[in-house]
Each structure stands twice: as structure tokens, then as C-alpha cells.
Amino acid sequence: MNQSLELSASIPEKYKVSVNALYRFLKEINSKELAQHQLDFSDVNKWKFETISSWSHIAISEKSLDILWCYSFAYFNYYRVICFEVKPSGQEISLKNSEELNEEKIALDWATKNLTEINKDVDTFPEELRRPVEYETLNPESPEYLFETALAFYYLHEVGHIQPKNELFQHIIDEEIYCDNFAIENLLNNCNDAELKWRKRGIALGLTLMNVIGMHTGFYDGKEHPFAYDRITSVLDKKIEKTDDELWGWVVALFALHMTENKIKQPITEFEDFRETVEEFKKILEKHKEKYLTKN
């Protein structure tokens, strides 16, 4: 067992894949440098990644794992089937007419309703869907690896809150930025090219979900965390080149899917690169937030 991570209780069988994934990532990133902490899986029926710094305690809800897996499974296959020719522009993208992606549609619908709490009665994991499978040797190009990387990003962000720090933060948002940087710095080190490609996508997935909440509810934060649409670029820009069309094209594809679903108007201009497209999406989402605030 990893010395820095202690489990507070026995873990249900269906979540052992997730725990083993965290152990593997901790081993890979030399977690001897991480603060000692305790991890608990909560049965609270909502999205929850939470740190109680004074107790060195991290709580993750079982619902969060299910939501994260459904998005990882849906996004991985959606991108593989539909988005291999995505362009650096806005585009109407929907899964509705794709018979090949029926399970992915179920996963995406269930995950979004639970992440955004649009329908609080939808709480049972869809029986049509499989859960992540543990492989002796995990292929980086798989929904499982995407899921485990996104989970590790959220988890390491919470570990960042517990880490001893040499600086005082003037605002809570400054600490959130530190924790994002801490997570991405650890995840993008000590991995081969195939792993790096999907780790970057897993981190981007995690940051995209905060924008999915905004697209559906108008809430992009900005009080306790940076605005979600600013956060995704400010975090990724520190470690990922703006010319990395492979990564930024992934972000454009995820954003376009949810913007189409929520009838948020997208740009018709074809830009020089995908990073520029994301920048334009940010401006649109900021206006979307302002319209929501005006109505409410």
C-alpha cells in the first residue's frame, strides 16, 4: 500500500478499480513527496470531491466515480466515431442520429443529469452500461485510462490542498489555481508519449465538466474557483503548447457537443488553430453566463 495514502474504510468491490488506479498513479509520480492523507468514499448522492485540510482527509462520492466513468466512456467513443475530422471552428455535433453510439448516449444523458442535478431523481447507474474493467496492462488508448487520468487529476487537486506550502494565498481562488497546477505538474511527468497524449485528454476532460455544469445551468463559478471557461485554458496553457492541435481539438469536440445540446450559438469562422477556437468559445460562454445572471 502506498505510504502517503490511507483508506479510511473498506472499499466496495465496484470501486477497487478506481483505488488501484490511484495507487498506480501515486507510484508513478513518486508520491513519497505527497503529504500523508486519508481517503474515504462517501455514499452521498451527488458529485463530490472534497478536502478537509485540518484532518488531511479527502472524500470522494461514489456518485462522482459513476459520473466520471460515464463521461469517459461516452467521450472516448464519441471522439473515435464522430470527431476524427473536426475542424477549428464551431460545429453542430450530436449523438442522436448515431446508432453506433446508443450506449454512449445513455451514459452522457445520465451523467449530465446527475452532474448538473437537473433531475435529482435519476440516481441509479444505468444497467445497460458496463463499469470500468481492470486490466493487467492498461492500454492508454482506452476509456479506462481516460477515466483513471481524470480521476487522478481531481484527486491530486485535492491532495494539493493538503500539501505543505511556502506561500500564503490572498484569495481562495489563488489556492485553487495552485492545486490545479500541482495536479497537472504531477500527472504530466514520468510517462511515455502514448500515456502523455491520454493524460492530457483526461485532464482536459476534468476541466471540461466544470463548463458542462455552466452550459446547462449558467453557473461557471468565479467565487470559490476561477470561472470554468478561464480555468481550462489557464491550467492547460502552463504545460501544453497552443499549437498542440491534437489536445485542443479534443477540447473543441467536447465543448461543441454540449454547446449544440444546449443550443448555444457557436462561431462560424474557421480559425487558424484549435486553441484559437477554444478562446472564441470562452467569450461565448462568458456571454452565456451574463445572460443567465440577468434572467436570475
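Residues numbered from 1 in each chain as written. Predicted model: local features only at pLDDT ≥ 70, side-chain atom pairs only at ≥ 80, totals over all residues. Heavy atoms only, no water.

**Describing the layout of surface pockets**
Put simply, the largest pocket is a space of about 870 Å³. As for the largest pocket, its lining consists of 29 residues, and the residues nearest its centre are W47, F49, M210, D221 and H225. Listed by contribution, the elements that provide at least two residues to the lining of the largest pocket are β3 (49-52), α4 (143-162), α5 (172-187), α6 (193-217) and α7 (228-236). A total of five residues in the lining of the largest pocket trace back to one element, the largest contributor, which is α4. By residue class, the composition of the lining of the largest pocket is 12 nonpolar, six polar and 11 charged. (1 Å grid on protein atoms, 1.4 Å probe; cavity = no way out; pocket = protein on both sides within 12 Å on 5 of 7 lines; lining within 4 Å. Points joined across faces, edges and corners; volume = space filled by probe spheres on them. Helix = DSSP H or I, 4+ residues; strand = E, 2+ residues; numbered from the N terminus. Nonpolar A, V, L, I, M, F, W, Y, C, P; charged D, E, K, R; others polar.)

**Some thoughts on the packing of aromatic side chains**
Within a pair of aromatic rings, the relevant descriptors are the distance that separates the centres and the angle that separates the planes. A complete count under the given rule lists 16 aromatic pairs for this structure. An angle of 80° between the planes, with centres 5.3 Å apart, marks the rings of W47 and Y154 as edge-to-face. On the criterion of sequence distance, the pair formed by W47 in the loop between β2 (37-42) and β3 and Y154 in helix α4 is long-range, its members being 107 residues apart. Taking the relative accessible area as the measure of exposure, W47 reaches 18% and is therefore buried. A centroid spacing of 5.5 Å and a plane angle of 5° characterise the contact between F227 and Y229, whose relative ring orientation is stacked. (Phe/Tyr/Trp six-rings, centres within 6.5 Å; stacked < 30°, edge-to-face > 60°. Buried < 20%, exposed > 50% of the residue type's maximum accessible area, 1.4 Å probe, protein only.)

**Digging into the environment of F281**
The residue F281 is located in helix α9 (residues 274-295) in this model. Once the C-alpha coordinates of F281 and P267 are considered, the two residues, 14 residues apart in sequence, prove to be 7.8 Å apart. When residues no more than four places from it in sequence are discounted, the contact partners of F281 are S89, G90, V252, F255, A256, M259, Q266 and P267. (Contact = heavy atoms within 4.5 Å.)

**So, the side chain of R199**
With respect to the helices and strands, R199 occurs in helix α6. There is a polar contact of 2.9 Å between the side chain of R199 and the side chain of Y145. In this structure, R199 is in contact with F25, E28, Y145, T149, L187, L188, N189, N190 and C191, ignoring residues within four places of it in sequence. (Polar contact = N/O pair within 3.5 Å; in protein donor to acceptor, adjacent residues only side chain to side chain.)

**Observations regarding the pattern of salt bridges**
Evaluated as defined, the whole model comprises 13 salt bridges. For the salt bridge of E144 with R130, the shortest nitrogen-to-oxygen distance reads 2.5 Å. Of this pair, E144 sits in helix α4 while R130 sits in the loop between α3 (102-115) and α4, placing them 14 residues apart in sequence. A residue is classified by how much of its surface remains accessible, and E144, at 2% relative accessible area, is buried. (Salt bridge = Lys/Arg side-chain N within 4 Å of Asp/Glu carboxyl O.)

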